[in-house]
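The residues making up each chain are set out below.
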Amino acid sequence: MTDIFLGFLNRSLAAGILILAVVLVRLVFKKAPRWLLCALWALAAVRLVCPVSIESVLSLILNPPLAAAFTPSPAQSANPLQIWTFVAACVWLAGIAALLLYAAVSALRLRLRVRTAVRLEGKVYQSEFVSSPFILGVIRPRIYLPFGLEAGAQEMVLAHERAHLRRGDQLWKPLGYLILTAYWFNPVCWLAYILFCRDIEAACDEKVVRELGEGCKAAYSRALLACSVPRKLITACPLAFGETGVKS
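In what follows, the accompanying structure is described.

Rules and cut-offs
- Residues numbered from 1 in each chain as written.
- Predicted model: local features only at pLDDT ≥ 70, side-chain atom pairs only at ≥ 80, totals over all residues.
- Heavy atoms only, no water.
- Helix = DSSP H or I, 4+ residues; strand = E, 2+ residues; numbered from the N terminus.
- Contact = heavy atoms within 4.5 Å.
- Axes fitted to C-alpha atoms, helices over the stretch in contact; angles between N-to-C directions.
- Parallel < 35°, antiparallel > 145°, perpendicular 65-115°, else oblique.
- Left-handed = near helix turned anticlockwise from the far one by under 90°.
- Nonpolar A, V, L, I, M, F, W, Y, C, P; charged D, E, K, R; others polar.
- Patch = residues over 30% accessible without salt bridge, like charges linked within 9 Å, V, L, I, M, F, W, Y side chains within 5 Å.
- Areas by Shrake-Rupley, 256 points an atom, 1.4 Å probe, with all protein chains shown as cover.
- Salt bridge = Lys/Arg side-chain N within 4 Å of Asp/Glu carboxyl O.
- Lys, Arg positive; Asp, Glu negative; His and termini not counted.
- Charge placed at Lys NZ, Arg CZ, Asp CG, Glu CD.
- Buried < 20%, exposed > 50% of the residue type's maximum accessible area, 1.4 Å probe, protein only.
- Pairing = 2+ DSSP bridges.
- Phe/Tyr/Trp six-rings, centres within 6.5 Å; stacked < 30°, edge-to-face > 60°.
- Lys NZ or Arg CZ within 6 Å of the ring centre and 35° of its normal.
- Polar contact = N/O pair within 3.5 Å; in protein donor to acceptor, adjacent residues only side chain to side chain.

Structural notes on the side chain of Q126
Looking at the element boundaries, Q126 is found in strand β2 (residues 124-127). Excluding its chain neighbours within four sequence positions, the residues that come into contact with Q126 are A117, V118, L120, L145, P146, F147 and Q154.

See the structure below:
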């Protein structure tokens, strides 16, 4: 278990450099297409998932000489560094379990809230307990809308949510969260996940404007702003999509 933990720790350090580079690119090229930034985040994700690690001080597997540091001396029953590494590995596993449990509970709470939703058309449902549009589900995603949306606003909102589905974002966001659960100890990975979620929303907006034409920008913006209300449960659920950064 300690070897596995150290492998993840080593990869997080190597990927952290790439993540910071993507953050820098994001700051310098603010006008860059968001789909391109999403592709860069995908590269960071591949680096985190890739089992081949770059040599570092923290890698026991790729740095065999350090293995001697974890070998207890004849006068010791166990090396202190070995003990602390085992404790850290246990805390790491506990953190993973906590994040997975959080995702399951938040998704369950959201599903219970929309259990009385009625079908509007296809995969689109309406619920009296929904204050803002969102998508819930990975294998069979559904779009949930509040009652009372004006026809024009509803058309724009549905264009946004359907763009998410065409892009496959209902798969990418949970995958990003799953990677985050393995690297929860690295604050740079939290930053990457937050920015990634914002960029997939912006990429979706770009796709809608590109498909509907530049003339739709004002109406589209007004429609999303009209739905911009507090919705902590939706935005906090890793398996749901509620718009982030709508005002910007």
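Next comes the rest of the description.
Thoughts on the packing of helix α4 (residues 151-167) against helix α6 (residues 187-212)
When two helices pack together, their arrangement is given by the angle between their axes and by how far apart the axes lie. Following both chains from N to C, one finds α4 and α6 inclined at 115°, their axes separated by 9 Å at the closest point. In terms of their interaxial angle, α4 and α6 are classed as roughly perpendicular. Handedness of the α4/α6 crossing: right-handed. Packed against α4, whose contacting residues are M156, A159, H160, A163, H164, R166 and R167, the element α6 presents I200, E201, A203, C204, D205, K207, V208, E211 and L212 at the interface. The residue makeup of the contact of α4 with α6, split by class, is eight nonpolar, two polar and six charged.

Concerning a positive patch on the surface
On the surface, R111, R119, R140 and R142 cluster together into a positively charged patch. Position of R142 among the secondary structure elements: in strand β4 (residues 142-146). When its relative accessible area of 36% is taken as the criterion, R142 is described as partly exposed.

Quick notes on the pattern of salt bridges
The final tally for this structure, using the stated rule, is six salt bridges. Residue R162 is joined to E121 by a salt bridge in which the shortest nitrogen-to-oxygen separation is 2.7 Å. Taken together, the positions of R162 in helix α4 and E121 in strand β1 (residues 118-121) put the pair 41 residues apart, joining distant regions of the chain. One continuous salt-bridge network, built from bridges that share partners, spans R26, R34 and D199.

So, a nonpolar patch on the surface
Taken together, the side chains of M1, I83, W84, F86, V87, V91 and L93 present a nonpolar region at the surface, about 680 Å² in accessible area. Residue placement: V87 occurs in helix α3 (residues 80-113). In this structure V87 comes out as partly exposed when scored by relative accessible area, which is 37%.

Some thoughts on the pairing of β1
One ladder, built from three bridges, connects β1 with β2; its direction is antiparallel. Each bridged residue has a counterpart across the sheet, and for R119 the counterpart in β2 is Y125. Linking two consecutive strands that pair antiparallel, namely β1 and β2, is a turn of two residues; a positive phi of about 50° is found at G122 within it.

Notes on the pairing of β2
Note on strand geometry: in a regular strand, side chains alternate between the two faces of the sheet. Residues V124 and Q126 of β2 are buried on one face, and the alternating residues Y125 and S127, pointing to the opposite face, are buried as well. Bridge analysis of β2 against β4 gives four bridges, and the strand direction is parallel. Bridging across to β4, Y125 finds its partner in Y144.

Topic: the packing of aromatic side chains
By the definition in use, this model includes nine aromatic pairs. Each ring, one from Y183 and one from F185, has its centre 6.2 Å from the other, and the planes form 50°; the classification is tilted. Overall, the relative accessible area of 2% leaves Y183 in the buried class. Accessibility expressed as a relative area gives 23% for F185, which makes it partly exposed. Three or more aromatic residues joined by ring pairs make a cluster, and in this case those are F5, F8, W92, Y183, W184 and F185. It is R11 that lies over the ring of F8; its NZ or CZ is 4.5 Å from the centre.

Regarding the side chain of R26
With respect to the helices and strands, R26 occurs in helix α1 (residues 2-28). For R26, the side chain forms a polar contact with the side chain of D199, separated by 3.0 Å. Excluding residues within four positions of it along the chain, R26 makes contact with R34, L37, W41, L195, R198 and D199.

Here we look at the environment of L158
Residue position: L158 is located in helix α4. For the pair formed by L158 and P133, sequence separation is 25 residues and the distance between their alpha carbons is 8.6 Å. The contacts of L158, once residues within four sequence positions are left out, are V124, I143 and L145.

Thoughts on the environment of K207
With respect to the secondary-structure elements, K207 resides in helix α6. The class for K207 is buried, based on a relative accessible area of 18%. Counting along the chain gives 47 residues from K207 to H160, while the straight-line C-alpha distance between them is 8.5 Å. With residues near it in sequence (within four places) discarded, K207 still touches A163, R166 and R167.

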